[in-house]
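Commentary on secondary and tertiary structure
Listed below are the residues making up each chain.
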Amino acid sequence: MHRRLKRLYQSPKRLAAIIIIMIALLAFWLCLPRPLFKRPTSYVIDDDRGLLLGAAIAADGQWRFPYDDSVPDKFRQCIITFEDKRFTYHPGVDPLAFGRAIRQNLKAGHVSSGGSTLTMQVIRLATHHNRTIWNKLLEMIMALRLELTYSKKEILALYTSNAPFGGNVIGLNAASWRYFGRSPAQLSWGEMAAMAVLPNSPALVHPGKNRTTLLKKRNQLLDKLYEQKVIDQSTAQLAKLEPMPDKPLPLPQIAPHLLERFKAEHRGNGQTGTRVRTTLKAELQQQVSDILERHHRVLRANQINNIAAVVLNVETGAALAYTGNVYHPDEAQLESHVDVINAPRSPGSTLKPLLYAAMLHDGFILPNTLVPDIPTQIAGYHPENYDLGYDGAVPASKALARSLNVPAVKMLQKYKYERFYDVLKKTGISTLNQPADHYGLSLILGGSENTLWELTGAYASMARVLNHYNRHKGGYDAADYHSPVYQLLKTKNHQPEKNGLLDAGSIYYTLQAMEEVMRPGEEMLWQQFGSTQRVAWKTGTSFGFRDGWAIGITPKYVVGVWVGNTTGEGRPNLTGINTAAPVLFEIFRLLPVSREWFAEPEGALVKIKVCRESGNRVGEYCEHPDDAWVPAAGLKSPVCPYHQLVHLDATGSWQVTADCESPDRILNRKWFVLPPSIEYYYKTKNYQYHTLPPFRNDCAVADKAQPMEVIYPRNDAKVYIPIEADGTRGKMICNAAHSQPGTKIFWHLDDHYAGETHDFHQMAISPPAGNHVLTLVDATGNTVSVRFRVLDKEK
């Protein structure tokens, strides 16, 4: 054997022949281009069942959908019958068909038949070879090579995805939608037969005399299908009566903004496939779009041009509907191309539920802890409620349900905006691009920018945590906090942990507060909204009436709606309650109604004594303790600071001490006492509140509490006094409160007498620019002073 090989290699001719054969085999193996098709494809999005939602033309101006390995059986039978009847048997080249083509061409005196198999046509489509004898031979070689590594099914799929169907339409999938407005799987025998004859002569699809030829070819194919018993006679006859494709139809544009988002993210992430099956439901998507269009027609009368909505599945965070805007591409002034769902906008009050939940979680408040609602100025920041009124103090849950701004700022001041900033980041809010100090306390009233996509995602995450609490046996999965998705991704299983970002009890009480039906204040028109299912919801309005928001939660769904102008222009009555809330509830009526509500997370709650008046943990002198279930962190929440033990005379009308009254005649009473500035407003809204009786004149008390308080300006405040329309300098209105009704207060500015007030303590002054001291003295000599600075307009 060794000697035989030695003689073989000693012969130069034999060696050269072996080398040539090896080179030829290598060339044969490497003759196919890689990848086979390099041309760009259209961006295509489908719904969760594969129904086309929208497509964008490819970069080279062709309607070419990405490769699809599923070939409809009707097309398979039609194309094989018409183009290559021995396709399933030959090795890529059909000698019989090739011989027949040569005979026909010789007889005709010109090329009338190519004899190409479907495999050879795939090669020609991939290489763009001109029709020459040499290229024909090359195609045959490459077709043989293709058959070695591709199955017949794959080759047919390659042909189906890349064959020309007339004009700029490439591939059966695109052609089916362009000519019939349906997917290939929905085409009839007559329609599919027309599709099968087009790649052979794509120009036949154009209107004119070619239509007769196309009709003739289609009917001939139907006759062949009948002869081969693929279809019966009645099917063939009915198919021949079907109309031929007319001018190309526009492709569906059910979710145009999501399509553009997919394109942008695809380019940014370097993904390969340009077709995606989304989580959207086509029917719901269309219904939501119709609702938005209907409301848009009304809003446009007020020059409100844009509206967006998203529907999420709580369990997965998957988008079920994604309407980024109305879609009016022919009206450029509307800027309807802007995807508002993913555009940063001022969120108004929509972050308040997250603050409420965070404060419950960290034990700063209990669900109904009283929060001050009085005129407030903090480092020049002066928040106001929507109705410009004050309640003195309100339970935290009511402050959230009524969307009161001043209590929200007071709560954030207590919680610290730096801590809240970190919570927002951890819930998936990525639009906070500046440090926490940049936003300050305005963070809770829309001082930042957020997207509808991430806000609804944060709400869905809270609902998901609550839903999973019992499933995880009292544990928390950090993966429950994630951004929404529009295509399902594989999720990793995490081991539940003992503690979470927000505990289930805090979230439960937050959603309870958001479910309040009667919402005065910003949500004054609550009566007009009804729903067949329980919904926890929140609205928001940005400064200047530029953005109207509404977000609603149920155990299964989250719906978010935004209304406004993409230009940022504000409009009168552009509020969340007037514009976004009606859309929110109309969308909820489209969703399946679930009678189940969030289960109470018993393991995350503790039973404690709570003061009925203050909503705090019971203190030593609380008169009406109630048993209440609260989040576990409530055990470390502050005790009631407002109840105190007071000593009264026998009539109960005066406070006394042991120095002016015999101890056996003193009545000891527990009394709910609010600070003067809170009491001033609180007693006007709460008739059951009783002011503390004054000390009897003969009872001098050195350490008695200050009965007087300046409401505005606060100490160290910076004040700007505007110039009036007539050019004169305006005035600043100062407010004070006194715990004793009817007491006179004497006002002094920089030690100069300014006036006196009785009962209603309000004084208008006009100090010049610079530093000032405001001093108040009551009739009994109590004194209080505040320093403030009036800003100079010129500086």
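Report follows, based on the coordinates.

Calculation criteria
- Residues numbered from 1 in each chain as written.
- Predicted model: local features only at pLDDT ≥ 70, side-chain atom pairs only at ≥ 80, totals over all residues.
- Heavy atoms only, no water.
- Disulfide = S-S within 2.5 Å.
- Helix = DSSP H or I, 4+ residues; strand = E, 2+ residues; numbered from the N terminus.
- Buried < 20%, exposed > 50% of the residue type's maximum accessible area, 1.4 Å probe, protein only.
- Phe/Tyr/Trp six-rings, centres within 6.5 Å; stacked < 30°, edge-to-face > 60°.
- Lys NZ or Arg CZ within 6 Å of the ring centre and 35° of its normal.
- Contact = heavy atoms within 4.5 Å.
- Core = buried A, V, L, I, M, F, W, Y, C linked by side-chain atoms within 4.5 Å.
- Axes fitted to C-alpha atoms, helices over the stretch in contact; angles between N-to-C directions.
- Parallel < 35°, antiparallel > 145°, perpendicular 65-115°, else oblique.
- Nonpolar A, V, L, I, M, F, W, Y, C, P; charged D, E, K, R; others polar.

The subject of this paragraph is the state of the cysteines. Where two cysteines share a covalent bond between their sulfur atoms, that bond is called a disulfide. This structure, assessed with the given rule, holds one disulfide. Linked covalently through their sulfurs, Cys-660 and Cys-699 form a disulfide whose S-S length is 1.6 Å. With the S-S dihedral at roughly 95 degrees, the linkage between Cys-660 and Cys-699 falls on the right-handed side. Taken together, the positions of Cys-660 in the loop between strand E15 (643-648) and strand E16 (667-672) and Cys-699 in the loop between helix H22 (676-685) and strand E17 (708-712) put the pair 39 residues apart, joining distant regions of the chain. Of the residues examined, Cys-660 reaches a relative accessible area of 15% and is grouped as buried. Exposure remark for Cys-699: the relative accessible area of 4% places this residue in the buried category.

Inspection of the entire model under this criterion finds 14 aromatic pairs. Relative to Tyr-681, the ring of Tyr-680 lies with its centre 4.8 Å away and its plane at 90 degrees, an arrangement referred to as edge-to-face. Of the two residues examined, Tyr-680 and Tyr-681, each falls in the buried class. Among the aromatic residues, ring-to-ring pairing joins Tyr-642, Phe-672, Tyr-682 and Tyr-689 into one connected group. The side chain of Arg-419 reaches across the aromatic face of Tyr-415, ending 5.0 Å from its centre.

Glancing now at the side chain of Thr-119. Within the secondary structure, Thr-119 sits in helix H5 (residues 118-127). Setting aside chain neighbours within four positions, we find Thr-119 in contact with Phe-87, His-90, Gly-92, Ala-143, Leu-146, Glu-147 and Ile-155.

Most of helix H9 (residues 189-197) sits out of view: nine of its nine residues are buried. For H9, the full list of buried residues reads Trp-189, Gly-190, Glu-191, Met-192, Ala-193, Ala-194, Met-195, Ala-196 and Val-197. Where H9 is buried, its residues meet helix H3 (73-83), helix H8 (172-180), helix H10 (210-227) and helix H11 (233-240).

We now examine the nonpolar core. Residues Phe-420, Ile-444 and Ile-553 are the most contacted members of the largest nonpolar core, which totals 83 residues. Top element by residues in this core is helix H19 (residues 452-471). It accounts for 11 residues. Apart from residues lying up to four places away in sequence, Ile-553 is in contact with Tyr-459, Ala-463, Leu-511, Met-514, Arg-534, Val-535, Ala-536, Val-558, Phe-588, Trp-597 and Phe-598. Counting 56 residues, the second-largest nonpolar core is a separate cluster that includes Leu-125, Leu-222, Leu-225 and Leu-251.

One can describe the packing of H10 onto H11 by two numbers: an axis separation of 9 Å at closest approach and a directional angle of 175 degrees. Our classification of the angle between H10 and H11 gives roughly antiparallel. The residues of H11 that touch H10, namely those facing Arg-218, Asn-219, Leu-222, Asp-223 and Tyr-226, are Gln-233, Ala-236, Ala-239 and Lys-240. Counted by class, the contact of H10 with H11 contains four nonpolar, two polar and three charged residues.

What follows deals with the environment of Gly-446. Tracing the backbone through its elements, the reader meets Gly-446 in the loop between helix H18 (436-439) and H19. Gly-446 gets classed as buried once you look at its relative accessible area, which sits at 12%. The residues contacting Gly-446, other than those within four sequence positions of it, are Ser-346, Pro-347 and Gly-348.

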